[in-house]
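Close look at the chain arrangement
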Amino acid sequence: MDLCLYTDSVADLTVDETLDLAAELGCGAVEIAAGGQSSAPHMRVFDLLENPQALREFREKITSRGLRMGAVNCSAWPMHPVHGDQHTHTIRAAIRLAGELGVDKIVTMSGCPADHPASPIVNWISFPWPAQNPEDSTAGDIQDVLARQWDQAIAYWDEMADYAAAHAIERIALELHPVHLVYNTPTLLRMRDAIGPIIGANVDPSHMFWQQMDPVAVVRALGAAVHHVHLKDTQLQPDRVALAGVLDLTPFEEPDQRAWIFRTIGQGHGEDFWRPFIEALGEVGYDDVVSIENEDPTQAPVAGVRQAAAFIADLLPTTNSH
């Protein structure tokens, strides 16, 4: 496995400073955002696609430091009733650029439609009720809405998978992320069964911890469907969980008041979790990048990335096929 840096973790650094940091930390690869939810501070996807010289220079910045592209990230909102078209445009650009940069993988999110064509926001259904009342035909049926959302999503990703394959992309890693249709093991496997093995998971334990999922069990259940890995931790704050539960809606800007917060790996869960997690990846044959993603609100970004790299270094296999 290669240690990788998801460069949005240090968004305030220049691209050169970021690549220097990745090399200094012993990373073999970088994951760089093309847009979507990211402001893409380190890679201007459309400019690079339109300017061959700029693309060559960008590629040289990476390879001259002994790095490779681990993935192009485009964590977007496909099918969003307002932003969906623009984000789809960006995902397609990310696919084309990934091919130009010699990487066969993009990291993105499944998206989630609205519950009605006229709605301006997505509706992530996370509770299987209410069902339609037979005595009131105007009452909404959650299962009917969910079925329509899945029909739309499968049609969308079927077309996008064909587009990706036509541009030499072999893996679309969907982050298992709440507020998107694909957010856990059953939903990832449902999408993969519908589309094919090009669809797989970006396994990020941080989103699993607060949902009370077991990331090691997830890895073993997904097997070859593990396409990418983010190294990010979560810390539950028991006194807040006791009162607000894990569905706490306190803004992320108020971390001291939240039931859970994202942490640098090792700060929410120790080696007793992360070592078996890395071992499970090896057991299912995953031999690609494990990418540091740091969103810890309690420390400076560079310090967090350094701490993450130091923590994980002794847990990674010493052999490396890349």
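Described in the following lines is the structure provided in the data block. These figures come from a predicted structure and were not determined experimentally.

**Quick word on the overall build of the chain**
Summing up its helical and strand segments, the chain has 11 helices and 10 strands in all. Taken against the 2.2 N^0.38 rule, which gives 20 Å for 322 residues, the C-alpha radius of gyration of the chain at 20 Å falls within 12% of a compact globule. Taken along its principal axes, the extent of the C-alpha atoms in the chain is 70 × 50 × 35 Å. The buried share of the chain, reckoned over its 322 residues, is 52%. Counting only contacts in the chain whose residues sit at least 6 apart along the sequence, the fraction spanning at least 24 positions is 78%. For the chain, the distance from the average site of its 20 positive side-chain charges to the average site of its 45 negative ones is 5 Å.

**Some details on the side chain of Glu293**
Structurally, the position occupied by Glu293 is in the loop between β10 (289-292) and α11 (301-313). Among the residues examined, Glu293 registers a relative accessible area of 7% and is labelled buried. Within the local environment of Glu293, its side chain forms a polar contact with the side chain of His230, the two groups lying 3.0 Å apart. Leaving out residues up to four positions away in the same chain, Glu293 has contacts with Tyr6, Ser9, Asp204, His230, Leu231 and Lys232.

**Observations regarding the nonpolar core**
Of all hydrophobic cores here, the largest spans 92 residues; its most connected members are Val72, Trp157, Phe277 and Leu281. Looking at this core, the element that brings in the most residues is helix α5 (residues 142-166), giving 11 residues. Apart from the residues lying within four places of it in its own chain, the contact partners of Phe277 are Val203, Pro205, Pro215, Val216, Val219 and Val229.

**A closer look at the packing of aromatic side chains**
One pass over the structure, following the stated rule, counts 10 aromatic pairs. Between Trp124 and Tyr183, the aromatic rings sit 5.2 Å apart at their centres with planes inclined by 90 degrees, giving edge-to-face as the arrangement. Here Trp124, found in the loop between β4 (105-108) and α5, pairs with Tyr183, found in the loop between β5 (171-175) and α6 (185-195); they are 59 residues apart in sequence, far enough to count as distant. A network of ring pairs unites the aromatic residues Phe209, Phe273, Trp274 and Phe277 as a single cluster.

**Here we look at the side chain of His180**
Following the sequence through the fold, His180 ends up in the loop between β5 and α6. According to the relative accessible area criterion, His180 is buried, its value standing at 1%.

**Things to note about unusual backbone geometry**
Between Trp129 and Pro130 the backbone carries a cis peptide bond, its omega angle lying at 15 degrees. Relative to the helices and strands, Pro130 is located in the loop between β4 and α5. Even without a glycine there, the phi angle at Val179 is positive, about 80 degrees. Within the secondary structure, Val179 sits in the loop between β5 and α6. Overall, Val179 belongs to the partly exposed group, its relative accessible area being 33%. The phi dihedral of Gln212 falls on the positive side, at around 70 degrees, and the residue is not glycine. Assignment of secondary structure puts Gln212 in the loop between α7 (205-209) and α8 (215-222).

**Brief notes about the sheet that holds strand β3 (residues 68-74)**
For sheets, the rule is that strands pair by backbone hydrogen bonds, running either parallel or antiparallel. The 8 strands are arranged β1-β2-β3-β4-β5-β6-β7-β10 in a closed barrel whose pairing can be described as parallel. For this sheet, the mean angle separating the axes of adjacent strands, direction not counted, is 30 degrees. Sheet topology places β4 next to β5; 4 bridges connect them, and they run parallel. Counterpart to Ile106 in the pairing with β5 is Ile172. Sheet contacts for helix α4 (residues 84-100): β3 and β4; angle to β4, the most-contacted strand, approximately 155 degrees.

**Side note on the pattern of salt bridges**
Taken as a whole, this structure holds 16 salt bridges when the rule is applied. We note a salt bridge from Asp104 to Arg171, for which the minimum N-O separation is 2.6 Å. Residue Asp104 is found in the loop between α4 and β4, and its partner Arg171 is found in strand β5; the two are separated by 67 residues along the sequence. Linked through salt bridges whose partners overlap, the residues forming this network are Asp2, Arg68, Asp104, Lys105, Arg171 and Asp288.

Conventions used here
Residues numbered from 1 in each chain as written. Predicted model: local features only at pLDDT ≥ 70, side-chain atom pairs only at ≥ 80, totals over all residues. Heavy atoms only, no water. Helix = DSSP H or I, 4+ residues; strand = E, 2+ residues; numbered from the N terminus. Rg over C-alpha atoms; globule rule 2.2 N^0.38 Å. Buried < 20%, exposed > 50% of the residue type's maximum accessible area, 1.4 Å probe, protein only. Contact = heavy atoms within 4.5 Å. Lys, Arg positive; Asp, Glu negative; His and termini not counted. Charge placed at Lys NZ, Arg CZ, Asp CG, Glu CD. Polar contact = N/O pair within 3.5 Å; in protein donor to acceptor, adjacent residues only side chain to side chain. Core = buried A, V, L, I, M, F, W, Y, C linked by side-chain atoms within 4.5 Å. Phe/Tyr/Trp six-rings, centres within 6.5 Å; stacked < 30°, edge-to-face > 60°. Pairing = 2+ DSSP bridges. Axes fitted to C-alpha atoms, helices over the stretch in contact; angles between N-to-C directions. Salt bridge = Lys/Arg side-chain N within 4 Å of Asp/Glu carboxyl O.

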